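Given next are the chains, with one letter for each unit.
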Amino acid sequence: MKYARLTKEQLEELHTEFIRFLASQSIDKDEWDTLKKEKPEVAEQEIDVFSDLIWENVVSKAEWLEHYSKNHIFLFKLDQEKMESIIIHAHTPLADFETEGGLHWLNENIFSNEVQIQRGAKPFSQERNVEIFSLIEQGAILSDGTLYKQLEDMF
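For the structure given in this document, a descriptive report is provided here. (Residues numbered from 1 in each chain as written. Predicted model: local features only at pLDDT ≥ 70, side-chain atom pairs only at ≥ 80, totals over all residues. Heavy atoms only, no water.)

A closer look at the side chain of Arg128
Short version of the rule: Runs of H or I in DSSP of at least four residues are treated as helices and runs of E of at least two as strands, each being numbered from the N terminus. Exposure is judged per residue with a 1.4 Å probe applied to protein chains only, and the accessible area is read against the type maximum: over 50% gives exposed, under 20% gives buried, and values in between give partly exposed. When charges are counted, Lys and Arg contribute as positive and Asp and Glu as negative, whereas His and the chain ends are disregarded. Any carboxyl oxygen of Asp or Glu that lies within 4 Å of a side-chain nitrogen of Lys or Arg is treated as forming a salt bridge with it. Distance and chemistry together define a polar contact, namely a pair of N or O atoms within 3.5 Å, with one atom able to donate a hydrogen and the other to accept it when in protein, and with adjacent residues in sequence counting only for side-chain atoms on both sides. Residue contacts are defined here by distance: any two heavy atoms, one from each residue, within 4.5 Å place the two residues in contact.
Topologically, Arg128 is positioned in helix 6 (residues 128-137). Nearest to the buried, unbridged Arg128 among oppositely charged side chains is Asp79, at 6.1 Å. Within the structure, the side chain of Arg128 is placed 3.0 Å from the backbone oxygen of Val59, a separation counted as a polar contact. There is a polar contact of 3.1 Å between the side chain of Arg128 and the side chain of Asn129. The residues touching Arg128, leaving out its near neighbours within four places in the chain, are Val59, Ser60, Ala62, Leu78, Asp79 and Gln80.

Overview of the environment of Phe124
Residue position: Phe124 is located in the loop between strand 4 (115-123) and helix 6. Looking at Phe124, the relative accessible area reads 12%, which means it is buried. A C-alpha to C-alpha distance of 9.5 Å links Phe124 and Asp79, two positions 45 residues apart in sequence. If near-sequence neighbours (up to four positions away) are discounted, Phe124 is found in contact with Leu78, Asp79, Gln80, Glu81, Lys82, Met83, Glu131 and Ile132.

As for the environment of Lys39
Position of Lys39 among the secondary structure elements: in the loop between helix 3 (29-38) and helix 4 (40-61). With 41 residues separating them along the chain, Lys39 and Gln80 place their C-alpha atoms 40 Å apart.

Brief notes about the pattern of salt bridges
Tallying each qualifying case throughout the model produces 11 salt bridges. Across the pair Lys77 and Glu152 runs a salt bridge, and its minimum N-O distance is 3.9 Å. Remark: Glu152 occurs in helix 7 (residues 146-154) and Lys77 occurs in strand 2 (residues 72-78); sequence separation between them is 75 residues. Look at Lys77 and you get partly exposed, because its relative accessible area is 28%. A single network of salt bridges, built from pairs that share partners, joins Lys2, Glu56 and Glu127.

Points about a nonpolar patch on the surface
Note the threshold: Note on patches: the residues involved have over 30% relative accessible area and no salt bridge, like charges join within 9 Å, and the nonpolar side chains Val, Leu, Ile, Met, Phe, Trp and Tyr join within 5 Å. Surface accessibility in these figures is a Shrake-Rupley result with a 1.4 Å probe; residues are shielded only by whichever protein chains are displayed.
A cluster of nonpolar side chains, contributed by Phe111, Met154 and Phe155, occupies part of the molecular surface with about 330 Å² of accessible area. Inspection of the secondary structure assignment puts Met154 in helix 7. Here Met154 falls in the partly exposed class, since its relative accessible area comes to 43%.

Shown next as structure tokens:
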């Protein structure tokens, strides 16, 4: 498996797509029920293949990621060869970027000495999609890039 198995909740959300996937494998509902009961390892393999297809589609289209922690915000712009980043670091316990209050604090103090902003870029060191998926597993979320674009123009 290249990525990770979708959670039960994710599979439920993608129920219709999973049915289409099974149909493309010539597996109808009766056969699926039989597989789950008599050959659960084969059923799990089908779920793994479907999960990889979904994740491959998601990370292939990813252009922006954001990751928030108490004192850091990591913003990523992704192209095919490299990723660019803007990293915001707060040097005060007053800032908690995981809360609305912390983001409001940042808005008020972005130009203060308590906030450090760094920019960087690096080529993907491994397969692009695997590296992006690793960031998602670490807590990054897909984004429309709005915050990155705003800060890019400022810094």
